[in-house]
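# Structural overview
Now for the letters of each chain:
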Number of protein chains: 2
Amino acid sequence: MIFRYPNGKAYEPKEQARKKQQPSFTYSNRGMSLEEDLNETNKYYLEHKLAVIHKKPTPVQIVNVDYPRRSAAVIKEAYFKQSSTTDYNGIYRAKYIDFEAKETKNKTSFPLQNFHAHQIEHMQNVVKQGGVCFVILSAFNEFYYVKAEDLFIFWQRQQNGGRKSITIEEINKVGYKIPIGYQARIDYLKIIDKLYF
Amino acid sequence: MIFRYPNGKAYEPKEQARKKQQPSFTYSNRGMSLEEDLNETNKYYLEHKLAVIHKKPTPVQIVNVDYPRRSAAVIKEAYFKQSSTTDYNGIYRAKYIDFEAKETKNKTSFPLQNFHAHQIEHMQNVVKQGGVCFVILSAFNEFYYVKAEDLFIFWQRQQNGGRKSITIEEINKVGYKIPIGYQARIDYLKIIDKLYF
């Protein structure tokens, strides 16, 4: 069953979807989602005072709230709204950090339809302000860190009528493979250290 | 009617509450809420490429989603969760910005119960990472910018058994009055310019 935003785009409740879906390349043996891994990573960073980075809550338009008893309000009617920003942001070593995480089961390319125009525009604004902005792509059995500046080039190519995806060769060229750890599972700060410090 | 979080703390749906409530000092003649004014301010900053600062969505635990037709998913059961961070963050001139906005109708002091321990802890983590962290207080017919570092002192005083509020004299001493504008209604970037650039 697919839930859709008013604009017709599919909503995927990530953790639930993960548990039900066919085995994927990256997560097939683990029962964890990309979102869960990133939440654990960010939790580790926070607890060890390395960085303060959180996932933003899913935006919801609340229409009707019921109040059955003193202890709890129940939302009885609400709708998903599309976010106008990326999902993750925060601070690391005095730098503003902003990113989006996406995955594909494709074997040879990463579809650009994983991003929407508002997110790209947001990332462009962040880059203009001097932020550290990137996407984490889970694809081809790897986690890739791709700078927003590089993503914009592929997005622009699509806007100009070019291909609607990034090839595996292109990702291997512009992306940085993120080391996998036990505690910091998707240890993307390592890449930020390399690129900005 | 008061909605409560599972911990018993009152939830206030800010825009609705504003429309119903008794006239307050700051907003009595305007029909606008602090949240709306800040959203307009941030929108102005964004449109004029001055800063990229957004309010985070209200955190909601979604339990049940109905799917009556192809075009829209309806959330039928959900609960408010307490946020572990502040409501607003983003980037301005390469600096990480993080703040919370609160108001009181008290005439002589600002109650510290407007903040909760998780938010204070979050602000402490942000300050340690080198972020620009503060609170915007709507009180005594003014908007005040109070640095998180100053708020911590009053919070600590309360933890040590001291008074549970900040007096108007104290706020006038440590706080910066935020200029009110037509487009940037609560023009807090002006204070950041003064303090950090």
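Scope of this entry: the structure provided in the associated data block. This structure is a prediction, so every number in the text was calculated from the model and none was measured. (Residues numbered from 1 in each chain as written. Chains lettered and ligands numbered in written order. Predicted model: local features only at pLDDT ≥ 70, side-chain atom pairs only at ≥ 80, totals over all residues. Heavy atoms only, no water.)

## Focus: the relation of the copies chain A and chain B
- Rotating chain A by 180° and translating it 0.0 Å along the rotation axis places it on chain B, where the RMSD comes to 0.0 Å. Overall, the copies show the geometry of a two-fold rotation axis. (Least-squares fit on C-alpha atoms with pLDDT ≥ 70 in both.)

## Quick word on the packing of helix α3 (residues 117-128) of chain A against helix α4 (residues 148-159) of chain A
All names here are of chain A.
- Interhelical geometry of α3 versus α4 gives an angle of 135° and a closest axis separation of 10 Å. Overall, the two elements α3 and α4 adopt an arrangement that is oblique. Considering the relative orientation of α3 and α4, their crossing is left-handed. Counting all contacts with α3, which are made through A117, I120, M123, Q124 and V127, the residues of α4 involved are A148, E149, L151, F152 and W155.
- Among the residues forming the contact of α3 with α4, the class breakdown is eight nonpolar, one polar and one charged. (Axes fitted to C-alpha atoms, helices over the stretch in contact; angles between N-to-C directions. Helix = DSSP H or I, 4+ residues; strand = E, 2+ residues; numbered from the N terminus. Parallel < 35°, antiparallel > 145°, perpendicular 65-115°, else oblique. Left-handed = near helix turned anticlockwise from the far one by under 90°. Contact = heavy atoms within 4.5 Å. Nonpolar A, V, L, I, M, F, W, Y, C, P; charged D, E, K, R; others polar.)

## Notes on the nonpolar core
- Residues F115 and M123 of chain A together with F115 and M123 of chain B are the most contacted members of the largest nonpolar core, which totals 47 residues.
- When near neighbours in sequence (up to four residues on either side) are disregarded, F115 of chain A contacts E100, K102, F110, I120, M123, V135, L137, L151 and W155 of chain A. (Core = buried A, V, L, I, M, F, W, Y, C linked by side-chain atoms within 4.5 Å. Buried < 20%, exposed > 50% of the residue type's maximum accessible area, 1.4 Å probe, protein only.)

## Observations concerning the pairing of strand β9 (residues 132-139) of chain B
Residue and element names in this part refer to chain B.
- Within β9, eight of the eight residues are buried, which leaves it mostly tucked inside the rest of the structure.
- The alternating pattern of β9 places V132, F134, I136 and S138 on one face and C133, V135, L137 and A139 on the opposite face, and all of these are buried.
- Looking at chain direction, strand β7 (residues 95-103) and β9 are connected through seven bridges and run parallel. Among the inter-strand pairings, A101 is bridged to a residue of β9, identified as I136.
- Looking at chain direction, β9 and strand β10 (residues 142-147) are connected through six bridges and run antiparallel. When the bridges of β10 are listed, S138 appears paired with F143. (Pairing = 2+ DSSP bridges.)

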